[in-house]
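# Geometric and topological summary
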Amino acid sequence: IRLMKVFNLLRKLEKAKISRFQQYLCSPYHNSREDVKVLLENWLKGKRRRQSPQQHWSAVYGNTEFVTSKWHLLTSRLFKLLESFLITEELRQHPATQQFYLVKAYRKLQEEQLFEKAVSDTGKALEKQDFRNMEYWQYRHNLAYEKYDYIISANRKEQSNLQEVTDHFDTYFLSTKL
């Protein structure tokens, strides 16, 4: 039996990460489906021995007849939730990225004070980075662009930071070439 990609990926996760993934699945914000949680629990119980899709199906749905299309839908849902969890885990490890997306959210909401504080905090988080590599300059450019976009959308008569945006872009571009 060819193992499904979701089970292959789950096999590669360490115990702590699987435990966090279980918590993630229990959150109604991320997952409202009980069958996906049961599938993961069943896979964890039988992790050492390979189970057929029909065995997993009967653990999740009892004596309900196995339907291939519904099985694929169930495993696809589990896989998408696992991908979403992995994105969240990676994002947690990058405070500057988190701050940048907070800046973006405040800009969209037109919350001036919160936007300015988030821009300042993001700048501080970027300055704490040890290296001034390509990623650093990309974030500097993105942050400057968010400020530019905010200024332009809020008040067209106010002086913009277009020069700062282009300077950071130039530095970012040059750092990608080195």
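Here, every reference points to the structure presented above.
To keep things clear, this report deals only with the structure shown in the data block. The structure displayed is predicted, hence computed values, not measured ones. (Residues numbered from 1 in each chain as written. Predicted model: local features only at pLDDT ≥ 70, side-chain atom pairs only at ≥ 80, totals over all residues. Heavy atoms only, no water.)

Moving on, we come to the pattern of salt bridges. Side chains carrying opposite charge are able to pair once their charged atoms draw close together. The tally for this structure, following the rule as stated, stands at eleven salt bridges. A salt bridge links R132 to E127, with the shortest nitrogen-to-oxygen separation between them at 3.0 Å. The class of E127 is partly exposed, set by a relative accessible area of 39%. By sharing partners, the salt bridges in this structure join K104, R107, E146 and D149 into a single network. (Salt bridge = Lys/Arg side-chain N within 4 Å of Asp/Glu carboxyl O. Buried < 20%, exposed > 50% of the residue type's maximum accessible area, 1.4 Å probe, protein only.)

Turning our attention to the packing of aromatic side chains. One pass over the structure, following the stated rule, counts twelve aromatic pairs. Each ring, one from F66 and one from W71, has its centre 6.3 Å from the other, and the planes form 45 degrees; the classification is tilted. Exposure remark for F66: the relative accessible area of 23% places this residue in the partly exposed category. According to the relative accessible area criterion, W71 is buried, its value standing at 2%. Residues F100 and Y101 carry aromatic rings whose centres are separated by 5.3 Å and whose planes lie at 70 degrees to one another, so their mutual orientation is edge-to-face. A residue is classified by how much of its surface remains accessible, and Y101, at 48% relative accessible area, is partly exposed. Grouped by ring-pair contacts, the aromatic residues F7, W43, W57, Y61, F66 and W71 constitute a single cluster. (Phe/Tyr/Trp six-rings, centres within 6.5 Å; stacked < 30°, edge-to-face > 60°.)

Here we take up helix α7 (residues 112-127). For α7, spanning 16 residues, the distance from its first C-alpha to its last is 23 Å, which sits close to the expected 22 Å at 1.5 Å a residue. Regarding α7, the residues found buried are F115, A118, V119, T122, G123 and L126. Seen end-on, α7 carries its buried residues on one side only, within an arc spanning 140 degrees. The exposed residues of α7 that point more than 90 degrees off its buried face are Q113, K117 and K124. (Helix = DSSP H or I, 4+ residues; strand = E, 2+ residues; numbered from the N terminus. Expected span 1.5 Å × (residues − 1). Arc of directions from axis to C-beta.)

This paragraph deals with unusual backbone geometry. Positive phi, close to 55 degrees, is recorded for Q110, a residue that is not glycine. Assignment of secondary structure puts Q110 in the loop between α6 (95-109) and α7.

What follows is about the nonpolar core. The biggest cluster of nonpolar side chains holds 22 residues, and the ones touching the most others in it are V6, F7, L10, F21 and L78. Among the elements of the structure, α1 (5-11), α2 (15-26), α3 (34-45), α4 (53-61) and α5 (68-92) are those that each provide at least two residues to this core. The biggest single contributor to this core is α5, with seven residues. Sequence-distant contacts of L78, defined by excluding residues within four places in its chain, comprise V6, F7, L10, F21, L25, V36, L39 and L40. Core analysis: the next-biggest nonpolar cluster, separate from the first, contains 13 residues, A96, A118, L143 and Y172 among them. (Core = buried A, V, L, I, M, F, W, Y, C linked by side-chain atoms within 4.5 Å. Contact = heavy atoms within 4.5 Å.)

Taking 1.5 Å per residue, twelve residues should reach 16 Å; α2 reaches 17 Å between its end C-alpha atoms and fits that length. Taken as a whole, α2 has its buried residues at K17, I18, F21, Y24 and L25. All buried residues of α2 fall inside an arc of 110 degrees around its axis, so they share one side. For α2, exposure combined with an orientation more than 90 degrees from the buried face picks out K15 and Q23. Buried residues along α2 sit against α1, α3 and α5.

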